[in-house]
Amino acid sequence: MVDTAAPPGLPQWYICRVSCGAAFAFSRWAHIQVERSHSPESASGYCPSMAGLQILQQPQPCRLAEGDPLVLECRALGNPPPQYQWFRNRRPVEGARGPRLQVQLVTTAERGTYSCRVFNLFHELWSQEVDVEIGPRLFASGAPWQEGDGGRCRWWHCPIAVLGAVATISLFADSPEPGNPNQLYATDKVALLVGNMHYLHHKDLRAPMVDVHALSALLRQLDFKVVSLLDLRRDEMQMAVDEFLLLLDKGVYGLLYYAGHGYENFGTSFMVPIDAPGSYTSAHCLCVQHVLQRMQQRRTGLNIFLLDMCRKRNLNDDVLPQVGALEVTANIVFGYATCADAEAYELSQGELSNGVFVTFLKRWLLEDEKITVLLDKVAEDMGTLELTRGRQALELRSNLSERRALTDPIRSLGRAETSARNLQWAKAHVLPESRHLCFDCGVTVQLGFAAEFSNIMIIYTRILAAPGDITECMAKLTDLPEELDVDLKYTNRESPEELGSPLVPTWSLACPSCCLYSRLCGLQRLRQELTFTVCLQFRYRGVADFVEERRAVSVGRPLIAKLNLSPQDPGTPPTSGGSGSPLSASPPGSWGNSPEENLSPEVHGSHGV
């Protein structure tokens, strides 16, 4: 024991010799220096028998999905009692001065390398540095896309349910060096992507599904919170915009992408919903400039509109749009897929079609460039396409005064605002948990879920166990809600390729075997909890007839259904095709030959030319 009551002096060195008979060994040298403190903390808690500081529990690295809780712990023992300060990327985390660092709902903004400084009056220690990886939440739930039933697939690199995929880490995850005074930040990044394909009274489109899918994947790599929706009616589009605006706040980067029918009168752009009548007017559509006004009220840091639609004049609408004056905010960027009074086109490539605009946009979207410079490069590339030269050219309108880029890192202003925004966003991305159904006959059925978009869900059933006297059995979904857009041709299919989605090849390779797949579209129209029946059909050995058992299942309100986008009386849903109907097959060949066969207007004018 060292007498710490002795006057402070020069450092002393100590060593211990341990003997056992003729054998002996020495300990390591210890460096001891007695210091005295006059602080109240040390006077009240100082114990001569326990001096120094020791970390007992180190923080551990973790991988999370957005919306998960983050908990890091660092426990230390010392006298005087230790104090804590957490660091992220070697910069202090504001307010994190306890042994536990906890974030209720994380986003990619919390991704980084964490460490904890532990100190008291006399000593200072640093914990080990640990990496916290955070990716967008995978829509698949409960390990439905892997053999076995352990764990959850939580990482992906594209906006549909990439079955069994591993997350791509953002190219721009690390915070920039603090010494860069010119670096601009977003307090968050939010994107609403809408693609309207299957119209009740107008020509169907092919490209919006693939375009929304491609942009979702890229924007998530840039740390955007993405909500992707297909085939919305007028009221659903309006309510989707309302929910989108709730995610915006001071300094947030907001991006709205729309692909579908549209028009422009007197410089004002209108997005056409799928239930617009044959001779629609502005009363049946959404005004883009009105959306911009509401975004400005949220004091956003950057407002980006990417409009992949026609800008032909609507001769049925002779009303002069009444759009109020916009604020002078110097943060607005409009990227039009085509010029005024022109059409936008899509390129057919087998079963997949991309709009011309997105075909070139996705080449540049991840570049660390000012957004206006990036769109200029897209415009230059579009000008090289012979098929659309003289028909379609990107038009850029902007009053952006700063070097704002989609790659700008996120720096949140306050944890409370961030948590509220995370919770609101997470509502639209919650899938039911995978579950096991045990039937009276002894058969166990696994029920799993995944999503292609925020309003399109895939359900599969798989037989996990069956008694030996049952030779054949299958579990089918029946009694699905009428308000959903469910095509019976795409329910209870034995392979993903039979679901009628052109995106199936991007994820079907990792699908589990021996399943029945069903595709449910239009989840925004779900007004109650999603309930259906699992019908088990099985046959005993030596018996020719099948036997049935039924089990009612309720899985809550999945994905976008939680946001109540559909009014109480949604009207008549699409009778054929709908938001999930298959895209008609395209003739084979590239768009480099047979141009008139592979190039079609993406959006026609309101007069039907």
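Reading the values: rules and limits
Residues numbered from 1 in each chain as written. Predicted model: local features only at pLDDT ≥ 70, side-chain atom pairs only at ≥ 80, totals over all residues. Heavy atoms only, no water. Axes fitted to C-alpha atoms, helices over the stretch in contact; angles between N-to-C directions. Helix = DSSP H or I, 4+ residues; strand = E, 2+ residues; numbered from the N terminus. Parallel < 35°, antiparallel > 145°, perpendicular 65-115°, else oblique. Left-handed = near helix turned anticlockwise from the far one by under 90°. Contact = heavy atoms within 4.5 Å. Nonpolar A, V, L, I, M, F, W, Y, C, P; charged D, E, K, R; others polar. Phe/Tyr/Trp six-rings, centres within 6.5 Å; stacked < 30°, edge-to-face > 60°. Buried < 20%, exposed > 50% of the residue type's maximum accessible area, 1.4 Å probe, protein only. Lys, Arg positive; Asp, Glu negative; His and termini not counted. Salt bridge = Lys/Arg side-chain N within 4 Å of Asp/Glu carboxyl O. Pairing = 2+ DSSP bridges. Core = buried A, V, L, I, M, F, W, Y, C linked by side-chain atoms within 4.5 Å. Disulfide = S-S within 2.5 Å.

S.K.: It is not clear to me how the packing of helix H5 (residues 356-364) against helix H6 (residues 371-382) should be interpreted in this structure. Could you clarify?
M.R.: Packed helices, taken two at a time, are described by their axes: the angle between them and the distance between them. Relative to each other, H5 and H6 sit at 130°, their axes nearing to 9 Å. What the angle tells us is that H5 and H6 run oblique. Like other packed secondary-structure pairs, H5 and H6 cross with a definite hand, here right-handed. Touching Val356, Phe357, Phe360, Leu361, Arg363 and Trp364 of H5 are Leu374, Leu375, Lys377, Val378, Asp381 and Met382, all from H6. Within the contact of H5 with H6, the residues separate by chemical class into nine nonpolar, no polar and three charged.

S.K.: Sorry if this is basic, but what is going on with the packing of aromatic side chains here?
M.R.: Working definition: an aromatic ring pair is given by the centre-to-centre distance plus the angle between the planes. Under the counting rule described, the total for this entry stands at eight aromatic pairs. Plain terms: the ring middles of Tyr263 and Tyr280 are 5.8 Å apart, the flat faces sit at 35° to each other, and that makes the pair tilted. Of the two residues, Tyr263 is situated in strand E18 (residues 262-265) and Tyr280 in the loop between strand E19 (268-271) and strand E20 (286-287); the sequence distance between them amounts to 17 residues. The exposure class of Tyr263 is buried, given its relative accessible area of 0%. Where Phe305 meets Phe334, the ring centres are 4.9 Å apart and the plane angle is 10°; that geometry is what we call stacked. Placement of the pair is Phe305 in strand E21 (residues 302-309) and Phe334 in strand E22 (residues 332-336), with a sequence separation of 29 residues. Assigned by exposure class, Phe305 and Phe334 land together as buried.

S.K.: Please clarify how the side chain of Asp381 should be interpreted in this entry.
M.R.: Along the chain, Asp381 turns up in helix H6. No salt bridge is formed by the buried Asp381; the nearest opposite charge belongs to Arg363, separated by 4.1 Å. In this structure Asp381 touches Phe360, Arg363 and Trp364, once residues within four positions along its chain are discounted.

S.K.: In this structure, what is going on with unusual backbone geometry? I would like to understand it.
M.R.: Only a minority of non-glycine residues have a phi that is not negative, and only a minority of peptide bonds are not trans. At the junction of Asn79 and Pro80, the peptide bond is cis and its omega measures out at 5° in the coordinates. Relative to the helices and strands, Pro80 is located in the loop between strand E8 (75-79) and strand E9 (83-88). Phi is positive for Asn89, which is not a glycine, with a value near 50°. As for its position among the elements, Asn89 is in the loop between E9 and strand E10 (91-92). Located in the positive-phi region is Leu559, a residue other than glycine, with phi close to 50°. Relative to the elements of secondary structure, Leu559 occurs in the loop between strand E32 (547-554) and helix H8 (595-598).

S.K.: Explain the sheet that holds strand E25 (residues 395-398) to me, please; I cannot follow it from the model alone.
M.R.: In a beta sheet, neighbouring strands are held together by backbone hydrogen bonds and run either parallel or antiparallel to one another. Taken in spatial order, the six strands make up an open sheet running E16-E15-E17-E21-E22-E25, and their pairing is mixed. Only two strands of the sheet have a single partner each, and these edge strands are strand E16 (225-230) and E25. Averaged over all adjacent pairs, the angle separating strand axes in this sheet is 10°, with direction ignored. Across five bridges, E21 lies against E22 in parallel orientation. Looking at E22, one finds that Leu307 is bridged to Tyr336. Sheet contacts for helix H3 (residues 234-246): strand E15 (188-195), E16 and strand E17 (252-260); angle to E15, the most-contacted strand, approximately 170°.

S.K.: When you look at the nonpolar core in this model, what are you seeing that I'm missing?
M.R.: Most often, soluble globular proteins have nonpolar side chains that are buried together. Grouped together as the largest cluster of nonpolar side chains are 72 residues, with contacts concentrated most on Tyr258, Phe305, Phe532 and Val534. No other element matches the five residues that H3 contributes to this core. Those residues in contact with Val534 that sit more than four places away from it in its chain are Leu437, Phe439, Leu447, Ala475, Lys476, Leu477, Glu549, Arg550, Arg551 and Val553. One finds Leu215, Leu230, Phe360 and Leu387 within the second-largest nonpolar core, a separate group that totals 47 residues.

S.K.: Teacher, can you tell me more about the state of the cysteines here?
M.R.: Working definition of a disulfide: a covalent bond connecting the sulfur atoms of two cysteines. For the structure on display, the rule yields zero disulfides. Lacking any disulfide linkage, Cys285 is separated from the closest cysteine sulfur, that of Cys287, by 10.0 Å. With a relative accessible area of 3%, Cys285 lands in the buried category. Unpaired in terms of disulfides, Cys473 finds its nearest cysteine sulfur in Cys441, a separation of 7.3 Å.

Any functional reading would require information that these geometric values do not contain.
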